[in-house]
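Take a look at the letters that make up each chain.
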Amino acid sequence: MRPIWMEGHDVKKLIAGNWKMNGSVAANRALLDALKSGGAGSGCDVAVCVPAVYLSQVQSLLADSPITWAAQDLSAQEVGAYTGEVSGAMLKELGCRWVLVGHSERRQYHAESDALVAAKAQRALAHGLTPIVCVGETLAERDADQTMAVVKRQLAAVIHAVGHCVSELVVAYEPVWAIGTGRTASPEQAQAVHAVLRAQLAAACGSSRVPRILYGGSMNAANAADLLAQPDVDGGLVGGASLKAADFLAIVGAADRSIP
Ligand code: PGA
């Protein structure tokens, strides 16, 4: 039995491929052609998070497809003298449905704070983009038993900033130690964190729908089904395995088959 506060949460799974700084015009076309002919997006929701320079190309390649697309970051600013930045309005104009905010690589290599991540989430919502808010602990934080405190702090900043729009978010739990390392959180470890995040979101949502919570960190064709079978794992944010059509399609297939 699901607790009563979970009844309203959207149980259609979402699998989002995070290409990171990979791709080329030719490689993108080949990958998306394979995903389209493999039927991605006909069951669960499927998205690709692509480098901003390719959004226009991806928009035209996916025009006749149920696969949606996302950017990997956006500016917290609206418009103006911010060299190198990309605004929410620009992403919206190129048909983005979603945008990643607060990915651990942004937090780590670009010193993005909880406050900046929260401002970005707010800016995305203002432009009708769904922010996929990434949270996750480092190995040192896990070893110090701080996992729950860290992810709750990261999420609280966003909840505080977006106010009544919490139900319009997607959250991705990505333990930093599992990203790109081949070391995945066990289904039980993922579920334990997702349950905490779900309760935090439910408390903030009141009677509105509770957002989906994706797992990310070395999700692959072999481990996806077990992770997606957890009651609070509503999908995946897939890095490395999203660059290979067969692997990504296998993960999408596992989501299509998983029973909420
Ligand atoms: P990974 O990356 O699947 O390669 O671990 C996931 C992510 O960083 O979104």
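Scroll up to find the structure this text is about.
Residues numbered from 1 in each chain as written. Predicted model: local features only at pLDDT ≥ 70, side-chain atom pairs only at ≥ 80, totals over all residues. Heavy atoms only, no water.

Asks: Mind showing me how you'd approach the overall build of the chain here?
Replies: Within the chain, the regular secondary structure consists of ten helices and eight strands. For 260 residues, the compact-globule formula gives about 18 Å, and the C-alpha radius of gyration of the chain, at 17 Å, lands near that figure. Dimensions along the principal axes, computed over C-alpha positions, put the chain at roughly 45 × 45 × 35 Å. With 260 residues in all, the chain has 52% of them scored as buried. Working note: accessible area of the chain is about 11,000 Å², and carbon and sulfur atoms make up 56% of it. Positive and negative side-chain charges in the chain, numbering 21 and 24 respectively, have mean positions lying 2 Å apart. (Helix = DSSP H or I, 4+ residues; strand = E, 2+ residues; numbered from the N terminus. Rg over C-alpha atoms; globule rule 2.2 N^0.38 Å. Buried < 20%, exposed > 50% of the residue type's maximum accessible area, 1.4 Å probe, protein only. Areas by Shrake-Rupley, 256 points an atom, 1.4 Å probe, with all protein chains shown as cover. Lys, Arg positive; Asp, Glu negative; His and termini not counted. Charge placed at Lys NZ, Arg CZ, Asp CG, Glu CD.)

Asks: Is there a simple way to think about the packing of aromatic side chains in this case?
Replies: Each aromatic ring pair is characterised by the separation of its centres together with the angle its planes make. Per the stated rule, a full pass over the model turns up one aromatic pair. Here the guanidinium or amino end of arginine 97 rests over the ring plane of tryptophan 98, the centre of that ring lying 4.0 Å away. (Phe/Tyr/Trp six-rings, centres within 6.5 Å; stacked < 30°, edge-to-face > 60°. Lys NZ or Arg CZ within 6 Å of the ring centre and 35° of its normal.)

Asks: Hey, could you run me through the sheet that holds strand S3 (residues 68-71) in this one?
Replies: Backbone-to-backbone hydrogen bonds join strands into a sheet, with any given pair of strands oriented parallel or antiparallel. Read around the barrel, eight strands follow the order S1-S2-S3-S4-S5-S6-S7-S8 and close on themselves; strand pairing throughout is parallel. Neighbour to neighbour, the strand axes of the sheet diverge by 25° on average, direction disregarded. As paired strands, strand S7 (residues 212-216) and strand S8 (residues 235-238) are joined by two bridges and run parallel to one another. By the bridge assignment for S8, tyrosine 215 is matched with glycine 236. Each of strand S5 (130-135), strand S6 (170-173) and S7 touches helix H8 (residues 187-205); the most contacted strand, S7, lies at about 150° to it. (Pairing = 2+ DSSP bridges. Axes fitted to C-alpha atoms, helices over the stretch in contact; angles between N-to-C directions. Contact = heavy atoms within 4.5 Å.)

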